[in-house]
Amino acid sequence: TRAENLPEMLKKLKSENHELDMRLRAGSAKLMEYTAGELLSASPVKSGTTVCCAATDCSPQEAKLLLGKLTASQCVAAVFYPSNGRLCYIIGKSAGCPANIRDICAMANGLFNGKGGGSDILAQGAGKLTSDWKEIVASLQKVILETL
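Below, the structure is looked at part by part. Predicted model, so just to flag it, every value in this text is computed and none were measured.

Here the focus is the overall build of the protein chain. Of regular secondary structure, the protein chain possesses four helices and six strands. Counting from the amino terminus, the protein chain carries its helices and strands in the arrangement α-β-β-α-β-β-α-β-β-α. Taken over the C-alpha trace, the protein chain has a radius of gyration of 19 Å; the compact-globule value for 148 residues is 15 Å, which it surpasses by more than 25%. Seen through its principal axes, the protein chain has C-alpha atoms that stretch 65 × 30 × 25 Å. A separation threshold of at least 6 residues defines the contact pool for the protein chain, and within that pool the share at least 24 residues apart is 54%.

What follows is the structure in structure tokens.
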């Protein structure tokens, strides 16, 4: 385009980018809603509490959204996802769940040589991304079940 048209073209591109970003967010929200339902239906339940450890390839924003969807029901949930060459995790629980989220985060830190922390309701961290990280996440779910 010609130099005098650049401001208008930039304005148009910015508007298109914003529209695409909003559509992507809406699509991500729908995907996380569906994913949460699938995870909850496939996760074990002990003493009325669902224990869900999700090993997924999602963005940090999607991980937070997924955790929120999971903990909307009686659930202890951990979402693990690779990001920038590290394995990140966010862990939370619904009100009234007996699990100690700090302890679960400490277990994840130990399993993945990671660092992180938080409260008894919500914690997050990051550790080493290994080739068998999904298997380790599955084993962590079993340990969490045993502690309830």
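Text resumes after the structure shown.
Moving on: the sheet that holds strand S4 (residues 86–93). Taken in spatial order, the six strands make up an open sheet running S1-S2-S3-S4-S6-S5, and their pairing is mixed. The sheet is open, and its two borders are formed by strand S1 (45–46) and strand S5 (115–118), each paired with just one other strand. Where S1 meets strand S2 (residues 49–55), two bridges bridge the pair, whose relative direction is antiparallel. By the bridge assignment for S2, Lys 46 is matched with Thr 49. Contacting strand S3 (75–83), S4, S5 and strand S6 (122–128), helix H3 (residues 101–111) runs over the sheet at an angle of about 165 degrees to S4.

This part takes up the nonpolar core. Counting 22 residues, the largest nonpolar core has Val 76, Phe 80, Tyr 89, Ile 91, Ile 104, Phe 112 and Ile 144 as its most contacted members. Those elements that place two or more of their residues in this core are S2, S3, S4, H3 and helix H4 (133–147). With six residues, H4 is the largest single contributor of residues to this core. The contact partners of Val 76, leaving out residues within four places of it in the chain, are Thr 49, Thr 50, Val 51, Cys 52, Gly 92, Lys 93, Cys 97, Ala 99, Ile 101, Ile 104 and Ile 144.

Among the secondary structure elements, Thr 56 is positioned in the loop between S2 and helix H2 (60–70). Non-local contacts of Thr 56, meaning those with residues more than four positions away in its chain, are made with Leu 66, Val 79, Phe 80, Tyr 81, Pro 82 and Trp 133.

Parameters at a glance
- Residues numbered from 1 in each chain as written.
- Predicted model: local features only at pLDDT ≥ 70, side-chain atom pairs only at ≥ 80, totals over all residues.
- Heavy atoms only, no water.
- Helix = DSSP H or I, 4+ residues; strand = E, 2+ residues; numbered from the N terminus.
- Rg over C-alpha atoms; globule rule 2.2 N^0.38 Å.
- Contact = heavy atoms within 4.5 Å.
- Pairing = 2+ DSSP bridges.
- Axes fitted to C-alpha atoms, helices over the stretch in contact; angles between N-to-C directions.
- Core = buried A, V, L, I, M, F, W, Y, C linked by side-chain atoms within 4.5 Å.
- Buried < 20%, exposed > 50% of the residue type's maximum accessible area, 1.4 Å probe, protein only.

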